[in-house]
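An overview of the molecular structure
This is what each chain is made of:
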Amino acid sequence: MDLGIEGRRAVVCASSRGIGRACAAALAAEGAEVWLNGRDEEALARAVREVGDAAALPVHGVVGDLTTAQGRAALLAACPEPDILVTNNRGPRPGRLAELAEADLAEALDLHFSAPIHLLRAVVDGMAARRFGRIVNVTSAVVTRPSPTMVASSGARAGLTAVMKAVSKEVARYNVTVNNILPERIDSGRQQELAHRTAEREGISFEQARRRQAESVAAGRLGAPAEIAAACVFFCADQAGYISGNNLHVDGGSYVGLV
């Protein structure tokens, strides 16, 4: 199927590794010109090189922390008129409400509320004027299933989802769509971090915690970043122009247990 992505300009946030990198690679494989972003210059350069090896069009890298105005400005200066914007960022500190400091809550809002909204505001009018735009937010299943051990993430991402839904109604008539992917139990650095926390909290090995993660999913395994990327690419397609304001869970059928 020709998705109509060839030749499109795509900005993918926090894409030097993990889910973001998988999304960037999938878009590049479909023929988009892609701008990757990350805070670690070495990791970003490696990602740009490896994604670029399989890409038809140039692949670019922009170093910057997107929770800062300077980081966002650098990314938008490199690609001021993207056709596709994929927002993504590292997860905030896990923890129950009593375990989180004021700075943890503020950081979560910077990562998963303010930064994506600032980027949206910077590009959405241009997308509307050109009569094409695809905005995909990689958030989390905690948006619809808040977790007591992920309070900061649950709150910030739920707020972002509400804003994105509101904006989606205003821009749909201009062939600009806004959708959210809600991953759960994807085999990335975040799941390794949570496994370490579980192992420490419950006095089990890291390997046991990882097995419990997989066993907690109906599919009996963790998801792959490429499975998130496949959903992202479809949301960016011409054929997805009538799908907007939606949340797509990519979660292996959800939990059969808790870890």
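The paragraphs below set out a description of the structure included in this document. (Residues numbered from 1 in each chain as written. Predicted model: local features only at pLDDT ≥ 70, side-chain atom pairs only at ≥ 80, totals over all residues. Heavy atoms only, no water.)

With that settled, consider the overall build of the protein. Helices and strands together make up the secondary structure of the protein, namely eight helices and seven strands. The globule rule puts the C-alpha radius of gyration for 259 residues at 18 Å, and the 18 Å found for the protein is close to it. Its C-alpha atoms give the protein principal-axis dimensions of about 55 × 35 × 35 Å. Summing over all exposed atoms, the protein offers an accessible surface of approximately 11800 Å²; the carbon and sulfur share of this is 51%. (Helix = DSSP H or I, 4+ residues; strand = E, 2+ residues; numbered from the N terminus. Rg over C-alpha atoms; globule rule 2.2 N^0.38 Å. Areas by Shrake-Rupley, 256 points an atom, 1.4 Å probe, with all protein chains shown as cover.)

Attention shifts here to the nonpolar core. In this structure, Ile5, Leu27, Val34, Leu36, Val86 and Ile181 are the most contacted members of the largest nonpolar core, which totals 35 residues. Taken together, the elements giving at least two residues each to this core come down to strand E1 (9–12), helix H1 (18–29), strand E2 (33–38), helix H2 (41–53), strand E4 (84–87), strand E5 (133–138) and helix H8 (225–235). Here this core takes seven residues from H1, the largest share from any one element. (Core = buried A, V, L, I, M, F, W, Y, C linked by side-chain atoms within 4.5 Å. Buried < 20%, exposed > 50% of the residue type's maximum accessible area, 1.4 Å probe, protein only.)

Right, let's get into the pairing of E4. On E4, burial covers both faces: Ile84 and Val86 on one face and Leu85 and Thr87 on the other are all buried. Here three bridges tie E1 to E4, and the two strands are oriented parallel to one another. Each bridged residue has a counterpart across the sheet, and for valine 11 the counterpart in E4 is leucine 85. Taking the sense of rotation as the criterion, the β-α-β connection linking E4, helix H4 (residues 102–130) and E5 turns out right-handed. (Pairing = 2+ DSSP bridges. Right-handed = clockwise from strand over helix to strand, strands pointing away.)

Further remarks concern the environment of leucine 194. Take leucine 194: it is sitting in helix H6 (residues 189–202). With 31 residues separating them in the primary sequence, leucine 194 and valine 163 have C-alpha atoms 28 Å apart.

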